[in-house]
Amino acid sequence: MEPPGTTAGSPPAQQLVRFYGTLGSYGEAYSIKGQQSRRPGQTGRLYFRPTLSIWQIDLPFEFVLSTEGRSTQQPFNQFGVNPTIAWATLHAGHHHISFSEFTINSLLQFGGGFDLRPGVLRFSATAGRTQQSINADSLQGLYYGTFRRHLFGVKLGIGREDGSLIDLNVVRAKDDVSSLSLPGSAKPQENMVVGLAGTLRMFENMVTFSSELAVSVHTPNILNEGLDVNLPSFVAKIFTPRIGTRIGYAGKGSLQFARGPLVFNGRYMRVNPGFTSFGLPSFQNDREEIDLSPVVRLLENRLTVGTTIGFRRDNLAGNKLATTKRVLQSYFVNTTPIDQLSLDVRYSNFTMKNNSASDTSRYNNVSHSLNVSPTVRVKWMDLQHVITTTIGGQKFNDRNRVYGGLNTYTTYSGSIMWAVAFPSSLVISPRASYTMNDRATTDTKIMSLGLAAQYSFFDRSLTPSLSFTSTRNNIGIATDKQLVGTLNTSYRVTINDNIALSARVSSYTYGKGRASNFVESMINLQYNRSF
């Protein structure tokens, strides 16, 4: 009897059962003399990511152990398994989940879930812990504790990722009131988000339209008294409105048009101040954004011209003392007239201002920047030469009537790098840069010289690189000096085993005794094996 999924022409069973993956370790040692340490003296990590494949079933696992695994929001010690069976993927343990931009997006969760994609149907569900409990500790500066948070999400949809689709997403998250004995100033919260997201592709993908609309309900303190509100029974069972509960809205739409040499992207987004989703690790509400980005490629892609125009504003509800507006304009030209020469030119104009009634808090800033970067590639005396230069300038104008003159500045910069590749695989790269910043209070000049070298041994199995950089930083009448040396090397022991070593030493000397001089060093060793 043949195994499930095999036919008369299928490979033998031993080829249909596979065990493969990666395992590795990472160790780091750090020290600093002259100043307070910025990071732990030693760090270690072990990871093991095996996959067991049985016929058409993939069972990927993940194990991560780290010396950094203390009580923090981001767990360092993780375990997860995500088996795939044809059109079904299951999740257990630690796993990242994403539904949409306004509901759940790149959220790390400890729990379980699944993604089902039978044909054009789309069904996903997830449940688990997204936040660990941490008691408040005023001695450690933690005045706000963190409640353990559980999240449940469901996606129902139809369509395919490479075509048109529409999804209904529902997310509910709630803090565990009993998870903290010392909450400090923290309050347990509750959140629910319902969103509708879709994509429409037309005319053989020449036109793509995407949009999403979402509504959120957020209670900042679930210990507050409940409100007597008539709600549908199914809503009342999963969410209770209380004093302080807020409703928020978010929406976005984007349009892409691609035909021949022209590509156009347009995007609009509006997120009201009250919109909150605990399915988003970081998110800013109270904003409205518009972006337009046309790009044209000509002369068989040897000439590309593009621009981006963007507008931002906050205070959508009009309840703040001032409204901040941002306008961005950027333009670029990239051309390769001949194979040996390319040129990149970029200009941007950024304006940010508000309408505060107070002179001290009102700002109206305008920033202009221009960068020109030519690159030359030639072969001379059997050596490959690549010379890259960048010349740029920035003008920042602070138009505040009180302190604007102190913040206005002009910056000029230039850099050059010359990479020379020898037939023996040796590459030498000298480089230099200069930056000058001119402002009313202090002038700053930064000069840097560097040299890097790389060579490959044993048929490129061993590739060490070494670099040195010397920097002088003139700040007013004081001159700081820094020397940095780095060593990076990797060695492929076998086709499946690789060892990487990295070391960095930095010596910083402050001018005029502005601060304590220091010497900082860090070395790390990493081993990786695939099987």
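Parameters and conventions
- Residues numbered from 1 in each chain as written.
- Predicted model: local features only at pLDDT ≥ 70, side-chain atom pairs only at ≥ 80, totals over all residues.
- Heavy atoms only, no water.
- Helix = DSSP H or I, 4+ residues; strand = E, 2+ residues; numbered from the N terminus.
- Buried < 20%, exposed > 50% of the residue type's maximum accessible area, 1.4 Å probe, protein only.
- Contact = heavy atoms within 4.5 Å.
- Pairing = 2+ DSSP bridges.
- Phe/Tyr/Trp six-rings, centres within 6.5 Å; stacked < 30°, edge-to-face > 60°.
- Lys NZ or Arg CZ within 6 Å of the ring centre and 35° of its normal.
- pLDDT = per-residue confidence, 0-100.
- Salt bridge = Lys/Arg side-chain N within 4 Å of Asp/Glu carboxyl O.
- Core = buried A, V, L, I, M, F, W, Y, C linked by side-chain atoms within 4.5 Å.
- Patch = residues over 30% accessible without salt bridge, like charges linked within 9 Å, V, L, I, M, F, W, Y side chains within 5 Å.
- Areas by Shrake-Rupley, 256 points an atom, 1.4 Å probe, with all protein chains shown as cover.

Some words on the overall build of the protein
Here is step 1 of the chain: Tallying secondary structure elements over the protein gives three helices and 27 strands in all.
Here is step 2 of the chain: For the protein, the spread of C-alpha atoms along the three principal axes comes to 80 × 75 × 60 Å.
Here is step 3 of the chain: A buried classification covers 33% of the 531 residues belonging to the protein.
Here is step 4 of the chain: In the protein, 50% of the contacts between residues at least 6 apart in sequence involve partners at least 24 apart.

Structural notes on the pairing of strand E21 (residues 409–421)
Here is step 1 of the chain: Where strand E20 (residues 383–398) lies against E21, 13 bridges are found, and the strand directions are antiparallel. Bridging from a neighbouring strand, Gly392 pairs with Ser413 of E21.

What about the packing of aromatic side chains?
Here is step 1 of the chain: Following the criterion strictly, the structure yields 15 aromatic pairs and no others.
Here is step 2 of the chain: Between Phe19 and Phe531, the aromatic rings sit 5.6 Å apart at their centres with planes inclined by 35 degrees, giving tilted as the arrangement. Of this pair, Phe19 sits in strand E1 (residues 17–33) while Phe531 sits in the segment after strand E27 (518–530), placing them 512 residues apart in sequence.
Here is step 3 of the chain: Exposure remark for Phe19: the relative accessible area of 49% places this residue in the partly exposed category.
Here is step 4 of the chain: Seen from their ring centres, Phe275 and Phe283 are 6.0 Å apart, and the 65 degrees between their planes marks the pair as edge-to-face.
Here is step 5 of the chain: Among the aromatic residues, those joined into a cluster by ring pairs are Phe19, Phe48, Phe61, Phe63 and Phe531.
Here is step 6 of the chain: Sitting over the ring of Phe278, Arg149 keeps its end group 3.8 Å from the ring centre.
Here is step 7 of the chain: We note Arg287 situated over the ring of Phe283; from NZ or CZ to the ring centre the distance is 4.9 Å.

Details of the confidence of the model for the protein
Fine structural detail should not be taken from predicted coordinates in areas where pLDDT scores are low.
Here is step 1 of the chain: Counting all residues, the mean pLDDT for the protein is 90, and 95% of those residues have values of 70 or more.
Here is step 2 of the chain: Contacts for the low-pLDDT stretch residues 1–14, under 50 throughout, to residues beyond four places or in other chains number nine contacts.
Here is step 3 of the chain: The low-confidence segment residues 70–75, where pLDDT is below 50, has 12 contacts with residues more than four positions distant or belonging to other chains.

So, the environment of Ile499
Here is step 1 of the chain: Secondary-structure assignment places Ile499 in strand E26 (residues 497–509).
Here is step 2 of the chain: The spacing of Ile499 and Asn528 is 29 residues in sequence and 6.5 Å in space, taken between C-alpha atoms.
Here is step 3 of the chain: The contacts of Ile499, once residues within four sequence positions are left out, are Thr489, Ser490, Tyr491, Val493, Leu525, Gln526 and Tyr527.

Description of the pattern of salt bridges
Here is step 1 of the chain: In this structure the tally under the stated criterion is 24 salt bridges.
Here is step 2 of the chain: One salt bridge in this structure joins Glu28 and Arg39, with 2.9 Å as the shortest N-O distance. Of this pair, Glu28 sits in strand E1 while Arg39 sits in the loop between E1 and strand E2 (42–54), and the two are 11 residues apart along the sequence.
Here is step 3 of the chain: We note a salt bridge from Glu161 to Arg122, for which the minimum N-O separation is 3.0 Å. One end of the pair, Glu161, is in the loop between strand E9 (149–159) and strand E10 (165–175); the other, Arg122, is in strand E8 (residues 121–131), and 39 residues separate them in sequence.
Here is step 4 of the chain: Exposure remark for Glu161: the relative accessible area of 54% places this residue in the exposed category.

Let's talk about unusual backbone geometry
Here is step 1 of the chain: Backbone geometry places Asp459, a non-glycine residue, at a positive phi of 55 degrees.
Here is step 2 of the chain: Within the fold, Asp459 resides in the loop between strand E23 (443–454) and strand E24 (462–475).
Here is step 3 of the chain: Of note in this structure, Arg460 is not a glycine but carries a positive phi near 70 degrees.
Here is step 4 of the chain: Mapped onto the secondary structure, Arg460 falls in the loop between E23 and E24.

A few points about the nonpolar core
Here is step 1 of the chain: Of all hydrophobic cores here, the largest spans eight residues; its members are Ile97, Phe99, Ile104, Leu107, Leu151, Val171, Ala173 and Phe278.
Here is step 2 of the chain: Setting aside anything within four residues of it in sequence, one finds Phe99 in contact with Ile104, Ser124, Thr126, Gly153, Val154, Lys155, Asn169 and Val171.
Here is step 3 of the chain: If you look at the next biggest cluster of nonpolar residues, it comprises seven residues, including Ala214, Ala250, Met269 and Phe275.

Quick look at a nonpolar patch on the surface
Here is step 1 of the chain: A surface patch of nonpolar side chains, amounting to about 710 Å² of accessible area, comprises Val120, Leu121, Phe123, Leu156, Ile158, Ile166, Leu168, Val194 and Leu196.
Here is step 2 of the chain: When residues of the nonpolar patch are traced back to their parent elements, those giving at least two are E8, E9, E10 and strand E11 (190–202).
Here is step 3 of the chain: Given the relative accessible area of 48%, Leu121 is considered partly exposed.

Regarding the pairing of E2
Here is step 1 of the chain: The pairing of E1 with E2 spans 13 bridges and is antiparallel. Paired with Arg18 across the strands is Ser53, a residue of E2.
Here is step 2 of the chain: Taken together, the eight bridges between E2 and strand E3 (residues 57–66) define a ladder with antiparallel strand orientation. Paired with Leu46 across the strands is Leu65, a residue of E3.

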